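Overview (structure and organization)
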Amino acid sequence: MIKELIGTAIEVDDGKVTLSDCMGSDLSVVNAARVSFGKRKTEMDDKDIKLIKYLAAHKHISPFRHVVFTFTLEGVSEVVCRQLYKHQVGCAYTSGEFREAATTWNEVSGRYVEFDPEFHIPSEFRKQHKSNKQASQEGELVDSNEEARSIYMNAIEHGFSSYKKLLELGVCKEQARMIMPISFKNSLVWTASLEATVHFIKLRDHEGAQLEIRNLARAIKKLIDPICPHSIEALLNSDK
């Protein structure tokens, strides 16, 4: 079943995220834990589900690092990508003394290629949250959506036009890219352990997170849920 899921893509805003590779499943978590006793299973049963819940509840995290996912993100705004990058620290270096890089990414480089005029254009402009200083008020839009869109588009067009003019003057790409609007669409490959991926989902599919990154977290959860449903549920509920 896992092989059939490779290549599955979900649209996220005006981009998409694809599960491009995967190693392991719930059974991999179980076998990683049971190897301490010299045991190995070939099929899951109720005892294994209980074991997964026990591991998550008691913070025995290392077995969850034996499952690894690779995602390809295309046409996702750099604003969202930058929030994903933060989880190199937030997920890769976990509690305790066992430390290893649990996430890694590679992205299109503006030093090598010239950017295309592709940007994330919100269809709706949300109001600032009334009490949360960093969040928007989902479902509540500004009074003049069209005026906000016009201002947004003018800024993007001016920024990209300036970028192109610098290139035409002979300015190197690595400097010209500095004025690119942060809403430009990026593409990258992100690889993360099961533990790291679920930690990302837990933090970013949250009412205090930006809606666009919440949409990405929800899409990633939907992609991996058929592979590790018991581990994902256990890890998401481990603090409850």
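Reference entry: report on the structure contained in this document. (Residues numbered from 1 in each chain as written. Predicted model: local features only at pLDDT ≥ 70, side-chain atom pairs only at ≥ 80, totals over all residues. Heavy atoms only, no water.)

A negative phi holds for most residues other than glycine; trans holds for most peptide bonds. A positive phi angle is found at D13, which is not glycine, with a value near 55°. Among the structural elements, D13 can be located in the loop between β1 (9-12) and β2 (15-23). Note on D13: relative accessible area 39%, which makes it partly exposed. The residue K59 is not glycine, and still its phi comes out positive at about 60°. With respect to the element layout, K59 can be found in the loop between α3 (46-57) and β3 (68-77). (Helix = DSSP H or I, 4+ residues; strand = E, 2+ residues; numbered from the N terminus. Buried < 20%, exposed > 50% of the residue type's maximum accessible area, 1.4 Å probe, protein only.)

Across the eight residues of helix α4 (residues 78-85), six count as buried, placing the element largely inside the fold. Turning to α4, its buried residues are E78, V80, C81, Q83, L84 and Y85.

A separate point is α3. In a regular helix each residue adds 1.5 Å, so twelve residues correspond to 16 Å; α3 covers 17 Å between its end C-alpha atoms and thus fits that length. Among the residues making up α3, those that are buried are D48, L51, I52, L55 and A56. In an axial view of α3, the angular spread of the buried residues amounts to 130°, which keeps them on one side of the axis. Away from its buried face, by an angle of more than 90 degrees, α3 presents the exposed residues D46, K47 and K50. Its side-chain oxygen at 3.0 Å from the backbone nitrogen of K47, D45 defines the N-terminal cap of α3. A positive phi of about 60° marks K59, the residue just after α3. (Expected span 1.5 Å × (residues − 1). Arc of directions from axis to C-beta. Polar contact = N/O pair within 3.5 Å; in protein donor to acceptor, adjacent residues only side chain to side chain.)

What follows is about the packing of α3 against helix α10 (residues 229-236). Their axes nearest at 8 Å, the elements α3 and α10 cross at an angle of 30°. Of the possible angle classes, the one that applies to α3 and α10 is roughly parallel. Crossing handedness for the pair α3 and α10: right-handed. Taking contact as the criterion, the partners of I49, I52, K53 and A56 in α3 are, on α10, H230, S231, A234 and L235. (Axes fitted to C-alpha atoms, helices over the stretch in contact; angles between N-to-C directions. Parallel < 35°, antiparallel > 145°, perpendicular 65-115°, else oblique. Left-handed = near helix turned anticlockwise from the far one by under 90°. Contact = heavy atoms within 4.5 Å.)

In this section: the pattern of salt bridges. Two side chains with opposite charge may pair up if their charged atoms get near one another. Counted by the stated rule, this structure contains 13 salt bridges. Between K41 and D48 there is a salt bridge; the shortest N-O distance is 2.8 Å. Judged by relative accessible area, D48 falls into the buried class, the value being 0%. The salt bridge partner of D225 is K221, with a shortest N-O separation of 3.8 Å. A residue is classified by how much of its surface remains accessible, and K221, at 26% relative accessible area, is partly exposed. (Salt bridge = Lys/Arg side-chain N within 4 Å of Asp/Glu carboxyl O.)

Right, let's talk about the nonpolar core for a bit. With 45 residues, the main nonpolar core has V17, F64, F69, F71, L194, F200 and L216 as its most contacted residues. In contact with F69, other than residues within four places in its own chain, are L19, D21, C22, W190, T191, A192, L194, T197, I224, I227 and C228. Counting nine residues, the second largest nonpolar core, distinct from the first, contains F160, Y163, L167 and F184. (Core = buried A, V, L, I, M, F, W, Y, C linked by side-chain atoms within 4.5 Å.)

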